[in-house]
Amino acid sequence: MTLVTMALATAGIAAAVETKVLASFETPDSVRAWRSVNDGVMGGVSEGGFKRTDAKTLLFSGTLSLENNGGFASIRTEPRAMDLTGLSALVVKARGDGRTYWIDLRVARQQMASSYRAELPTVKGEWREVRIPLRDFQFQSFGRRLAADPVNLATVNSVGFTLADKKAGPFELEIESIKAVAGEDPKPAVTAGQTAVDVAVAKPLAPRALIELAIDRGVPLFNADQLAACVAVYEVACESLRARPEVAEASRQDLERALQDMRAEKSVREKAWILRRSLDRTFARE
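The sections below set out a description of the structure shown in this document. Every chain is numbered independently, its residues counted from 1 as its sequence is written. Whole-chain, interface and lining totals are the exception, using all residues; otherwise, since this is a predicted model, local features are given only for residues with pLDDT of at least 70 and side-chain atom pairs are given and counted only at 80 or more. No hydrogens and no water enter the side-chain calculation; it runs on all heavy atoms of the structure.

Moving on: the overall build of the protein. Numbered from the N terminus, helices here are DSSP runs of H or I no shorter than four residues, and strands are runs of E no shorter than two. In terms of helices and strands, the protein carries five helices and 14 strands. Working definition: with a 1.4 Å probe on protein chains only, accessible area under 20% of the residue-type maximum means buried, over 50% means exposed, and in between means partly exposed. In the protein, which comprises 286 residues, the proportion classed as buried is 47%. Residue contacts are counted whenever heavy atoms from the two residues lie within 4.5 Å of one another. A separation of at least 24 residues holds for 72% of the contacts in the protein among residues at least 6 apart in sequence. Accessible surface area values rest on a Shrake-Rupley calculation with a 1.4 Å probe, where residue burial reflects the displayed protein chains alone. Working note: accessible area of the protein is about 14,000 Å², and carbon and sulfur atoms make up 51% of it.

In this structure, Phe 60, Leu 84, Ile 103, Phe 137, Phe 161, Ile 175 and Ile 178 are the most contacted members of the largest nonpolar core, which totals 68 residues. Element by element, the count of residues in this core is highest for helix 3 (residues 227–242), at ten residues. Residue contacts for Leu 84: discarding those within four places in its chain leaves Lys 20, Leu 22, Leu 134, Leu 153, Val 156 and Ala 180. As used in this record, nonpolar core signifies buried Ala, Val, Leu, Ile, Met, Phe, Trp, Tyr and Cys residues forming a set joined through side-chain atoms within 4.5 Å.

Pairing is antiparallel across the open sheet formed by seven strands, whose spatial order is 3-6-13-8-9-11-12. Here the strands that pair on one side only, and so sit at the sheet edges, are strand 3 (34–38) and strand 12 (144–145). In this sheet, strand 13 (residues 156–163) lies alongside strand 8 (residues 100–107) in antiparallel orientation, the contact comprising six bridges. The residue of strand 13 that forms the bridge with Ile 103 is Phe 161. Following DSSP output, two strands are said to pair if at least two bridges run between them.

Here we take up the environment of Ala 214. Counting through the fold element by element, Ala 214 comes out in helix 2 (residues 207–223). Looking at Ala 214, the relative accessible area reads 0%, which means it is buried. When the C-alpha positions of Ala 214 and Ser 141 are compared, they lie 9.5 Å apart, and in sequence the two are 73 residues distant.

Further remarks concern empty space enclosed by the protein. The probe, sized like a water molecule, is rolled over the atoms to show the empty space still left. Think of a 1 Å grid over the protein atoms and nothing else: a 1.4 Å probe that fits but is trapped marks a cavity, an open set flanked by protein within 12 Å on at least five of seven lines marks a pocket, and residues with an atom within 4 Å of a point count as lining. Grid points are joined across faces, edges and corners, and a volume is the space filled by probe spheres set on the points. Taken as a whole, this structure holds one cavity of 30 Å³ or more when the rule is applied. Size it by volume and the largest cavity reaches roughly 40 Å³. Looking at the lining of the largest cavity, the elements that each hand over two or more residues are strand 7 (89–95), strand 9 (114–121) and strand 10 (127–133). Residue polarity is assigned by list, with Asp, Glu, Lys and Arg as charged and Ala, Val, Leu, Ile, Met, Phe, Trp, Tyr, Cys and Pro as nonpolar; anything else, Gly included, falls into the polar class. Across the lining of the largest cavity, the residue classes tally to five nonpolar, two polar and three charged.

Take the pairing of strand 11 (residues 138–141) next. As defined by bridge partners, strand 9 adjoins strand 11 across four bridges and the pair is classed as antiparallel. When the sheet's bridge partners are listed, Tyr 116 is paired in strand 11 with Phe 139. Here strand 11 runs beside strand 12; their pairing, made up of two bridges, is antiparallel. If you follow Gln 140 over to strand 12, its bridge partner there is Arg 145.

Before going further, it helps to examine the packing of aromatic side chains. Pairing of aromatic side chains requires ring centres within 6.5 Å, counting the rings of Phe and Tyr and the six-membered ring of Trp. Pairs whose planes differ by under 30 degrees are stacked, by over 60 edge-to-face, and all others tilted. Under the defined criterion, the tally for this structure stands at seven aromatic pairs. Between Trp 34 and Phe 161, the aromatic rings sit 6.4 Å apart at their centres with planes inclined by 10°, giving stacked as the arrangement. Taken as a pair, Trp 34 in strand 3 and Phe 161 in strand 13 lie far apart in primary sequence, 127 residues in all. Phe 161 matches Trp 34 in its accessibility class, with the two residues each being buried.

Turning our attention to the side chain of Asp 165. Tracing the chain through its elements places Asp 165 in the loop between strand 13 and strand 14 (169–181). Engagement of the side chain of Asp 165 in a polar contact is seen with the side chain of Arg 99, the distance being 2.8 Å. Among the polar contacts made by the side chain of Asp 165, one reaches the main-chain amide nitrogen of Lys 167 at a distance of 3.2 Å. Two N or O atoms form a polar contact when they lie within 3.5 Å of each other; inside protein one atom must be a possible hydrogen donor and the other a possible acceptor, and for residues adjacent in sequence the pair counts only when both atoms belong to side chains.

Each salt bridge in this description consists of a side-chain nitrogen of Lys or Arg and a carboxyl oxygen of Asp or Glu lying within 4 Å of one another. As enumerated under the stated definition, the model contains 14 salt bridges in all. With a closest N to O distance of 2.8 Å, Asp 165 and Arg 99 form a salt bridge. You can see Asp 165 sitting in the loop between strand 13 and strand 14 and its partner Arg 99 sitting in the loop between strand 7 and strand 8, a full 66 residues away along the chain. Of the two residues, Asp 165 and Arg 99, neither departs from the other in class, the shared state being buried. Across the pair Arg 276 and Asp 280 runs a salt bridge, and its minimum N-O distance is 2.9 Å.

Okay, the packing of helix 3 against helix 4 (residues 249–264) next. Running from N to C, helix 3 and helix 4 point in directions that differ by 145°, and their axes come no closer than 9 Å. In the crossing of helix 3 with helix 4, the sense of the turn from one axis to the other is left-handed. Residues Val 231, Glu 235, Cys 238, Glu 239, Leu 241 and Arg 242 of helix 3 form the contact with helix 4, whose participating residues are Arg 252, Leu 255, Glu 256, Leu 259, Met 262 and Arg 263. Considering only residue class, the contact of helix 3 with helix 4 consists of six nonpolar, no polar and six charged. Between N-to-C directions, angles cover 0 to 180 degrees, with each direction set by a line fitted to C-alpha atoms, over the stretch in contact for helices. The sense of a crossing depends on the near helix, which, turned anticlockwise from the far helix by less than a right angle, makes the crossing left-handed and, turned clockwise, makes it right-handed.

Here the expected span of a helix is defined as 1.5 Å times the quantity of residues minus one. Here helix 2 contains 17 residues, and its C-alpha end-to-end distance of 24 Å stays within 8% of the 24 Å for a straight helix at 1.5 Å per residue. Listed in full, the buried residues belonging to helix 2 are Pro 207, Leu 210, Ile 211, Leu 213, Ala 214, Ile 215, Gly 218, Leu 221 and Phe 222. Turning to helix 2, the residues buried within the fold contact strand 12, helix 3 and helix 5 (268–285). Just beyond helix 2, the residue with positive phi is Asp 225, at close to 65°.

Structure representation (structure tokens):
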């Protein structure tokens, strides 16, 4: 990636802004760093993929299905150091179908089932350049906001897009570029497509509700022998609970020990059980 300088006009005043290009698609090999992850990893049947177009853009398209507890399709870059330190916003130039997508950021050592997300609304058939402050990205898993520290910009190593709007049917999002920029944001810290009220009332799930959700997602995966996916779901829940100040100290210590034991265990099946037992004990305490 190359650091360049470009001028942006804000209220008629030009300002020098440092820009880092995270993704563009001028060359055929520019899509080699991308991969698709759909709800098949959770038992769903949605179809989603990508291709480079003749117009030198990336086309993310497919069909969203709500069958088998599914409902998401996504694409993302393979992990590589991006380091967004000192930058303040993402600028995405894209043309959509009127649906609202997520733009995802992932950091080093983050689990498959989670990401830092912000909304990317689209207008059908229109190219739009949307600026999203980096401070607006919220940690989410299972489509729900969870308690976590703000995204560590120095450790960002992947960017991507997800559709999970609970609307079955075909979709299409065409992306020209993704850039990270410095400089003051010309608007309040509100995620694109949200209002200040939405942000103010958004709250993470209560501990017991989070545990119930993790078990609801994890048990079908375990029973379908998708053990690694089950472990990823339970691990995200344990990590989130461990960081919650309202969770009892005994529970946080229990979760920490379980996470350590899980990472030392070789059997994927036993990894799932180690975390599940800790979640059950935490549920009983809370």
